[in-house]
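Coordinates in review
Chain by chain, the residues:
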Amino acid sequence: MELADEIIINAPKERVYAALNDPDILKQCIPGCEELIKHSDTELEAKVVLKVGPVKARFSGDVQLDTGGAPDAFSLTGQGNGGAAGHAKGGADVTLTADGPDKTILRYEAKAQIGGKLAQLGSRLIQSTSKKLAAKFFKSFADVVNEDTAV
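Presented here is an overview of the structure given in this document.

What counts as what
- Residues numbered from 1 in each chain as written.
- Predicted model: local features only at pLDDT ≥ 70, side-chain atom pairs only at ≥ 80, totals over all residues.
- Heavy atoms only, no water.
- Pairing = 2+ DSSP bridges.
- Helix = DSSP H or I, 4+ residues; strand = E, 2+ residues; numbered from the N terminus.
- Axes fitted to C-alpha atoms, helices over the stretch in contact; angles between N-to-C directions.
- Core = buried A, V, L, I, M, F, W, Y, C linked by side-chain atoms within 4.5 Å.
- Buried < 20%, exposed > 50% of the residue type's maximum accessible area, 1.4 Å probe, protein only.
- Contact = heavy atoms within 4.5 Å.
- Polar contact = N/O pair within 3.5 Å; in protein donor to acceptor, adjacent residues only side chain to side chain.
- Phe/Tyr/Trp six-rings, centres within 6.5 Å; stacked < 30°, edge-to-face > 60°.

1. Some details on the sheet that holds strand β6 (residues 87–98)
Across the sheet, which stays open at both edges, the seven strands sit in the order β1-β7-β6-β5-β4-β3-β2 with antiparallel pairing between neighbours. Bordering the open sheet on either side are β1 (2–9) and β2 (33–38), each of which pairs with just one other strand. Across this sheet, the average inter-strand angle for adjacent strands is 20 degrees, counted without regard to direction. Relative to β6, strand β5 (residues 73–81) is paired through nine bridges, and the arrangement is antiparallel.

Pasting the structure below:
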């Protein structure tokens, strides 16, 4: 499964990059996030509760960041286990482009693979739920960053 989109955030690129590396901001924005622990600048641990169709599961997972292209671009990879509901692994490439002094275009391309009960739900349900979750995350993220910038 692949997802790609872009969003304009009303904040300078450096502020957007800093927010993408702030576990408190990410925890607010990730749908269903119960816990987000930053172990290092490149390692995070998350606990997330998600409902996909009839399946509700608590996922525990690890995320690794590759900040080699920062602050213009970075990548992340991760995997999570939802017990009987299944498992997921994937990654995303994110690019940040300044659009004048106070706006940033955030683009992402993500890929994911799922297994277990989740994989049995059908690709259309999984794809539409994934798009909704990604859209919810980036809308929340933009709102939080815009709010912080306005203060």
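2. Quick word on the nonpolar core
In terms of nonpolar packing, the biggest core is built from 29 residues, with I9, V16, L20, L106, Y108 and F141 touching the most fellow members. Only β1, α1 (13–20), α2 (23–29), β2, β3 (43–52), β6, β7 (104–115) and α3 (123–150) provide two or more residues apiece to this core. In terms of residue count, α3 provides more of this core than any other element does, seven residues in total. If you look at the next biggest cluster of nonpolar residues, it comprises seven residues, including V52, V55, A57 and L118.

3. Here we look at the environment of S130
With respect to the helices, strands and loops of the structure, S130 is situated in helix α3. Among the residues examined, S130 registers a relative accessible area of 17% and is labelled buried. Distance from S130 to G68, taken between C-alpha atoms, is 27 Å for residues 62 residues apart in sequence. Residues contacting S130, with those up to four places away along its chain left out, are M1 and L3. Separated by 2.8 Å, the side chain of S130 and the backbone oxygen of I126 make a polar contact.

4. Here we look at the packing of aromatic side chains
Going through the model one piece at a time under the given rule, you end up with four aromatic pairs. Ring geometry for Y17 versus F74: centroids 5.9 Å apart, planes at 75 degrees, classification edge-to-face. Linking Y17 in helix α1 with F74 in strand β5, this pair joins segments that are 57 residues apart in sequence. Taking the relative accessible area as the measure of exposure, Y17 reaches 16% and is therefore buried. Ring centres 6.0 Å apart and planes at 15 degrees place the aromatic pair F137 and F141 in the stacked group. Placement of the pair is F137 and F141 together in helix α3, with a separation of four residues, close to one helical turn. The same class applies to F137 and to F141, which are both buried. Here the aromatic cluster, defined as three or more aromatic residues joined through ring pairs, consists of Y108, F137, F138 and F141.

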